[in-house]
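Working through the structure, step by step
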Amino acid sequence: MLPDIILAFDTSAAHCAAALLLGGQNDGRVWLKSEAMEKGQAERLMPLISDLLAEAGVVLADVTAIAVGIGPGNFTGVRIAVAAARGLALGLGVPAIGVTRLEAAAFGLPRPVTVIEDARRGESYVQRFEMDGPGVARIVTAEDLRTVEGAVAGRGGLDSLPIAEAIARIALTRLGSVQPRPAPFYLRGADAAPPSDPPPVILDLAAS
């Protein structure tokens, strides 16, 4: 039986990261690529994936599942990765599995553990992972962050796997089960302001 080949990627923060997982959870080989960037992920993601596949000696048609980071994080970045994952999965006829950035940070760490990720604007994303499952993800201020207790991942705490590798390994555990279609996971409202121009007037021609 051929091993699963999982392609994972994430653009939820100031990076473009991808991983290819070939084989099982513990004995599988992993190839990684990651580049720091504030913007430009839309143009760089597919070339990065192509470079990763070439390095591993794998073609896109060999991939058996797509895994993607769904946030929370940069709005545009999250949408870029989710759209790419949906498109690739549809074209290849393989499942697409969404994984949150906070799940990825907690993967492989002893439980209980609290994940703290920078949300900018003086705030942090926080989620507690207990032995029996995750708690609710939330945004907290710097003031509230002082009340967070227990072992901490991120912000100088316990080291997590590279995000794309963790996403791939989590996706491997979910293969074979029904998964929702990947969708952006946001904890903050959209940054974009509504248009200032008044909406167009719709004429009812049937009434004239």
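Our structure's up above, just so we're on the same page.
Values in this document were obtained by computation on a predicted structure and should not be read as measured data. Along each chain, the written sequence defines residue order, and numbers are assigned to residues from 1. Two thresholds apply to this predicted model, a pLDDT of at least 70 for residue-level local features and 80 or more for giving and counting side-chain atom pairs, whereas whole-chain, interface and lining totals are computed over all residues. Side-chain metrics in this entry use all non-hydrogen atoms of the structure; hydrogen atoms and water are not considered.

Moving on: the nonpolar core. Considering soluble globular proteins, one finds that nonpolar side chains tend to be buried as a cluster. In plain words, nonpolar cores are sets of buried Ala, Val, Leu, Ile, Met, Phe, Trp, Tyr and Cys residues tied together by side-chain atoms within 4.5 Å. Only protein chains enter the accessibility calculation, which uses a 1.4 Å probe; a residue is then buried when its area is under 20% of its type maximum, exposed when over 50%, and partly exposed in between. Core analysis: the largest hydrophobic core is formed by 29 residues, its most contacted members being Leu7, Phe9, Leu20, Leu45, Ile49 and Ile66. Starting at the N terminus, helices and strands are each numbered in turn, a helix being any DSSP run of H or I of at least four residues and a strand any DSSP run of E of at least two. Of all the secondary structure elements, the ones that give two or more residues to this core are β1 (5-10), β2 (15-22), α1 (41-56), β4 (65-69) and α2 (75-92). What makes two residues a contact is simply this: any of their non-hydrogen atoms within 4.5 Å. Leaving out residues up to four positions away in the same chain, Ile49 has contacts with Leu7, Phe9, Ala18 and Leu88. Listed in part, the 18 residues of the second largest apolar core include Ile163, Ala164, Ala166 and Ala168.

What follows is about the side chain of Thr11. For Thr11, the position within the fold is in the loop between β1 and β2. Here Gly77 takes part through its backbone oxygen, which lies 2.5 Å from a polar atom of the side chain of Thr11. Once residues within four sequence positions are removed from consideration, Thr11 is found in contact with Cys16, Gln41, Leu45, Gly77, Val78, Ile80 and Ala81. Under this definition, polar contacts are N or O atom pairs within 3.5 Å; protein pairs additionally need one hydrogen-donor-capable and one acceptor-capable atom, and for neighbouring residues in sequence, both atoms have to be side-chain atoms.

On to the packing of aromatic side chains, then. Note on aromatic pairs: the rings of Phe, Tyr and Trp (six-membered ring only in Trp) are paired at centre separations within 6.5 Å, and the planes decide the class, stacked below 30 degrees, edge-to-face beyond 60, tilted for the rest. Tallied over the entire structure, the rule returns one aromatic pair. Ring geometry for Phe75 against Tyr186: centres 4.4 Å apart, planes inclined by 35°, an arrangement best described as tilted. Residue Phe75 is located in helix α2, and its partner Tyr186 is located in the segment after α5 (163-174); the two are separated by 111 residues in the primary sequence. According to the relative accessible area criterion, Tyr186 is partly exposed, its value standing at 30%.

Bringing the pairing of β2 into the picture now. Most of β2 sits inside the fold, with seven of its eight residues counted as buried. Strand pairing is defined by DSSP finding a minimum of two bridges between the two strands. Where β1 meets β2, six bridges bridge the pair, whose relative direction is antiparallel. Among the inter-strand pairings, Ala8 is bridged to a residue of β2, identified as Ala19. Turn length for the β1-β2 hairpin, with the two strands adjacent in sequence and antiparallel, is four residues.

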